[in-house]
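So the chains spell out like this:
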Amino acid sequence: MTSVFIDGAAGTTGLDIRDRLAGRTDLSVVTLDEARRKDPSARAEALNDADFVILCLPDEAAKEAVALIASDRPRVIDASSAHRVAPGWTYGFPELEPDGADHIAAARRVSNPGCYPTGFLALVRPLVRTGLLPADWPVTVNAVSGYSGGGKAMIAEYEDQVSPPSFRAYALDLAHKHVPEMTVHSGLSHAPLFAPAVAALRQGMVVEVPLNLAAMPNRPTVAAVRDVLARAYAGQPLVRVADDGLSGIAIEEHAGTDRLTLRVRGNDATGQVRLIATLDNLGKGAGGAAVQNLNIMAGLDPLAGLVS
Ligand SMILES: NC(=O)C1=CN([C@@H]2O[C@H](COP(=O)(O)OP(=O)(O)OC[C@H]3O[C@@H](n4cnc5c(N)ncnc54)[C@H](OP(=O)(O)O)[C@@H]3O)[C@@H](O)[C@H]2O)C=CC1
Ligand SMILES: CC(=O)N[C@@H](CCC(=O)OP(=O)(O)O)C(=O)O
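Residues numbered from 1 in each chain as written. Chains lettered and ligands numbered in written order. Predicted model: local features only at pLDDT ≥ 70, side-chain atom pairs only at ≥ 80, totals over all residues.

By the naming in an unreviewed UniProt entry, the chain goes by N-acetyl-gamma-glutamyl-phosphate reductase and is assigned to Sphingomonas longa. Reading the Pathway (unreviewed entry) entry of the UniProt record for the chain gives the comment "Amino-acid biosynthesis; L-arginine biosynthesis; N(2)-acetyl-L-ornithine from L-glutamate: step 3/4." In UniProt, the chain has this text filed under Function (unreviewed entry): "Catalyzes the NADPH-dependent reduction of N-acetyl-5-glutamyl phosphate to yield N-acetyl-L-glutamate 5-semialdehyde." (UniProt positions renumbered as here; feature names shortened; annotations may be inferred.)

Laid out in structure tokens, this is it:
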């Protein structure tokens, strides 16, 4: 049976993936007990003995784990941001490019996307690929995450406080660690301006890209933008383009699922559009994406263990 070692199984993403894989009969899951989970020799043994390893660690520990792999056996899925633009690593977003799942199926090293980049890239990449959005367009991305996006430390910070802030803008130096992968994998020629915030709810995420269509050389319509996204994700079970006319979009929309919904709302008279993605930062934004990549790499049902 295919074996999967989760390194970092006591953390937020690791525990989530362990729970997701617990009922699987097509995989055997290996974790280290509390006394050995940070012991480099125990980790080295487990890393080299598994068919797959999923790294649910801070960036430095993820790099250290990769360096501990000395055998050709393990194929790696890294949930951290250590290898998202690194040479030799495949970006683990199967729906993003037409041949994305094929590349992941064949890869030995797959880097899971960040939660914010999952929403951002899903909205922007097809527009750049088809030329609707000029690659040198100055793009802004506003986003709000549930606090579980900050891992154990932020969960404790929010759940131990009597009155945590309802909404907190951060990354005010405009150098968030997700900007490089947003730039590289969107095909934009310069970095988007990324304005994230964290809200006082555990799970959920809204990622928004506002665009002034009227200022673009070809002045596309709102329907033309929606059509590009609808074509790009047609038939994808986890990524859908909704045209439902909702008057408001809730951050909790997909909490507890692995869905990613994209909406294109705008006004042709003003020539303005809001591209809006909703997802669960721990679902398609982390653990769900890791399990999806594992299924694809192992040649299993791609949706096994996922909530579509
Ligand atoms: N939370 C989210 O929404 C997302 C997280 N990620 C990424 O996934 C990775 C894990 O994040 P998350 O689960 O949130 O973080 P957590 O802080 O919740 O968990 C990280 C775990 O790694 C353990 N750890 C740290 N150093 C080592 C080491 N040297 N050897 C073994 N274990 C170690 C920690 O141990 P201890 O328990 O002792 O602290 C902890 O259990 C990060 O790179 C994060 O950026 C990616 C997408 C979304
Ligand atoms: C709310 C919050 O703090 N979120 C995290 C990102 C969570 C995520 O996507 O994880 P990666 O670190 O793997 O990219 C942050 O902004 O650093």
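Having put the structure on the table, let's press on.
**Q** Residue-level account of the site of ligand 1, with values.
**A** Taken together, 26 residues surround ligand 1, and among them G11, T13, S80, G151 and A286 come closest. Residue assignment for the shell around ligand 1 shows that the elements contributing at least two residues are α1 (12-21), α3 (59-68), α6 (151-160) and α9 (283-297). Among the elements that take part in the shell around ligand 1, α1 stands out by supplying 3 residues, more than any other. Here the shell around ligand 1 is built from residues that sort into 9 nonpolar, 13 polar and 4 charged. Mapped onto the domain boundaries, the shell around ligand 1 takes at least three residues apiece from domain 1 (2-113 + 285-297) and domain 2 (115-281). (Near = placed C-beta within 6 Å. Helix = DSSP H or I, 4+ residues; strand = E, 2+ residues; numbered from the N terminus. Nonpolar A, V, L, I, M, F, W, Y, C, P; charged D, E, K, R; others polar. Domains from an automatic or database assignment.)

**Q** Which residues make up the domain arrangement of the chain, and what values do they have?
**A** How big an interface is tends to be expressed through the accessible area that disappears when the partners come together. For the chain, the assigned domains read domain 1 (2-113 + 285-297) and domain 2 (115-281). Domain 1 and domain 2 are separated by 25 Å when their C-alpha centres are compared. Taken together, the contacts link 14 residues of domain 1 with 23 residues of domain 2. Of all the elements, α9 adds the most residues to the side of domain 1 that touches domain 2, at 4 residues. Taken together, the residues of the side of domain 1 that touches domain 2 break down into 7 nonpolar, 5 polar and 2 charged. (Contact = placed C-beta atoms within 7 Å.)

**Q** Tell me about the site of ligand 2, and name the residues and values.
**A** Neighbouring ligand 2 are the residues S80, S81, G114, C115, Y116, S145, G149, G150, M154, H178, P196 and V198. At the level of secondary structure, the elements contributing two or more residues to the shell around ligand 2 comprise α5 (115-129) and β9 (193-199). For the shell around ligand 2, the class distribution of residues is 5 nonpolar, 7 polar and no charged.

**Q** Describe the confidence of the model for the chain, and please don't skip the residues or the numbers.
**A** Within the chain, residue pLDDT values average 97, and 100% of them lie at 70 or more. Under the prediction, the complex receives an ipTM of 0.95, its pTM being 0.97. (pLDDT = per-residue confidence, 0-100.)

**Q** Lay out the sheet that holds strand β11 (residues 239-242) in plain terms, naming residues and giving numbers.
**A** Strand order in this open sheet of 7 strands is β8-β9-β7-β10-β13-β12-β11, and the pairing throughout is mixed. Two strands bound the open sheet, and with one partner strand each, they are β8 (167-169) and β11. Taken over all neighbouring pairs, the strand axes of this sheet differ in orientation by 20° on average, direction set aside. As paired elements, β8 and β9 share 3 bridges and run antiparallel to each other. Bridge assignment links R168 to a residue of β9, and that residue is V198. Against the sheet, α5 engages β7 (140-146), β9, β10 (205-212), β11, β12 (260-267) and β13 (272-279), with an angle of about 35° to β10. Of the strands in this sheet, β11, β12 and β13 are in contact with helix α8 (residues 222-232), which crosses β12 at around 165°. (Pairing = 2+ DSSP bridges. Axes fitted to C-alpha atoms, helices over the stretch in contact; angles between N-to-C directions.)

**Q** Give me the sheet that holds strand β5 (residues 90-91): which residues, what numbers.
**A** With parallel pairing, 6 strands are arranged side by side in an open sheet as β2-β1-β3-β4-β6-β5. At either margin of the open sheet sits one strand with a lone partner, and together these are β2 (27-30) and β5. Where strand β1 (residues 2-7) lies against β2, 4 bridges are found, and the strand directions are parallel. Bridge assignment links F5 to a residue of β2, and that residue is V30. Seen against the sheet, α1 touches β1, β2 and β3 (52-55) and runs at an angle of roughly 155° to β1.

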